[in-house]
Amino acid sequence: MSAIAGHGAAVHIERCGKTFPDGTQALAPASLDIVSGETLVLLGPSGCGKTTMLRIIAGLEQPDAGGRVLFDTNDMTPVPIEQRNVGMVFQSYALFPNMSVSDNIGYGLKIRGIDAKARAARIKEMVALTNIGGLEDRRIDQLSGGQRQRVALARAVAIRPRVLLLDEPLTALDASLRDRLRGELNRLLRSLGITTIYVTHDQAEAMELGDRIVVMRKGAIAQIGTPREIYFTPQSRFVAEFVGAANIVEGPVIGRRLMLTGGSLALQEAADIAAAVAMIRPETIRIVGQGDASLTGIIDSVSFIGDRLRLVVTGAAEKPLVVDAPNTIVAGIGDHVGLSVAPEAIRLLPRED
């Protein structure tokens, strides 16, 4: 494990909002506690306030009056970014093209007055940590996108920050490289133990990297939870549909059964309501014989995705249902199918106007 591991600060955000001079509220007052060494992901669509929150933590933006940012017990709100001891990796990486890889990694150390011998040792450590050995003397324009991402991360971590801030650092990469580097980044963050706050609109990144996820919408926090909590127990229709594929069904409730056009589903939760809105994940719907089915419908489309078949079934509910089925079954367009969903797989959601 690296010598820099375990130095993360607990971050406390107290009533931090941001209203710009033209009256636009980019972030509603929000409070959030981030545990030392935790990787917290801010997830949401463009314009939801996640980058504004990150910039407030960094010291690039000041919160509205009454808002505070604390590292451990220290109020950092009036402290400028260069004195907060935070490392940052941006989507553009912001590397210096006129410097070598080694000089880029050591830049933050140099401006902090670290002597040449200590800088060289730290650079060597970062090169090994981020797996970029042999690139030390190359210019930035001689590197691939993935190599630049590693250099940017090495530079951010080299200063031994108390908090590491990453603003969509993988967005500029192609899909296959992004998937591979996401795994590498996950392993690196786990080994370092630095408190990390990661901004993304990519749900796969959030689910893989986050100890907890903060889902944001329209400048406010919609839900906070572990990846499993966010995926299996969303607290709103927005969260259910934003994180993963979701079928949203509506219908009357009669005796703890949700009545749909193609049958009914047993509810695990006692619902003292006349009608319900529920979420069903595609992978929780099973294809069964029609005699064992609680719902029936007709296959409208079949897509082979490799590890599974994705079916669209009409007639079972008011809107078509997406069903992820084993890739071994035989299914064709126009087939009548039976569907079954375990009561515990049905998540009731609040009705929204």
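Structure: see above.
Residues numbered from 1 in each chain as written. Predicted model: local features only at pLDDT ≥ 70, side-chain atom pairs only at ≥ 80, totals over all residues. Heavy atoms only, no water.

I tried to follow the packing of aromatic side chains on my own but got confused; where do I start?
The geometry of an aromatic ring pair comes down to the distance between the two centres and the angle between the two planes. Counting across every chain of the model gives three aromatic pairs. Each ring, one from Phe238 and one from Phe242, has its centre 5.5 Å from the other, and the planes form 20 degrees; the classification is stacked. Taken as a pair, Phe238 and Phe242 lie in helix α8 (residues 237–242) at a separation of four residues, close to a single helical turn. Judged by its relative accessible area of 15%, Phe238 falls in the buried class. Of note, Arg281 hangs over the ring of Tyr231, and the distance from its end group to the ring centre comes to 4.0 Å. (Phe/Tyr/Trp six-rings, centres within 6.5 Å; stacked < 30°, edge-to-face > 60°. Helix = DSSP H or I, 4+ residues; strand = E, 2+ residues; numbered from the N terminus. Buried < 20%, exposed > 50% of the residue type's maximum accessible area, 1.4 Å probe, protein only. Lys NZ or Arg CZ within 6 Å of the ring centre and 35° of its normal.)

Just to check I follow, could you spell out the pattern of salt bridges for this structure?
Opposite charge on two side chains allows them to pair when their charged atoms are near. Overall, the coordinates contain 18 salt bridges when judged by the stated rule. One salt bridge connects Arg162 with Asp72, and the closest N-O pair in it is separated by 2.5 Å. Residue Arg162 is found in the loop between α4 (145–158) and β7 (163–167), and its partner Asp72 is found in the loop between β4 (68–71) and β5 (74–75); the two are separated by 90 residues along the sequence. Of the residues examined, Arg162 reaches a relative accessible area of 22% and is grouped as partly exposed. Arg190 is paired through a salt bridge with Asp211; the nearest N and O atoms lie 2.5 Å apart. Taken together, the residues Arg190 in helix α5 (residues 175–192) and Asp211 in the loop between α6 (203–209) and β9 (212–217) connect sequence positions 21 residues apart. Overall, Arg190 belongs to the partly exposed group, its relative accessible area being 39%. (Salt bridge = Lys/Arg side-chain N within 4 Å of Asp/Glu carboxyl O.)

How should helix α3 (residues 116–129) be read in this particular structure?
Within an α-helix, residues lying three or four positions from one another point in the same direction, as the helix has 3.6 residues per turn. In this model α3 runs 20 Å from its N-terminal to its C-terminal C-alpha over 14 residues, within 8% of the 20 Å that 1.5 Å per residue would give. Those residues of α3 that sit buried are Arg122, Ile123, Met126 and Val127. Here the buried residues of α3 occupy an arc of 140 degrees about the axis, which is enough to place them on one side. Among the exposed residues of α3, those oriented more than 90 degrees off its buried face are Lys117, Lys124 and Ala128. For α3, the side-chain oxygen to backbone nitrogen distance between the N-cap and Lys117 is 3.1 Å, and the N-cap itself is Asp115. (Expected span 1.5 Å × (residues − 1). Arc of directions from axis to C-beta. Polar contact = N/O pair within 3.5 Å; in protein donor to acceptor, adjacent residues only side chain to side chain.)

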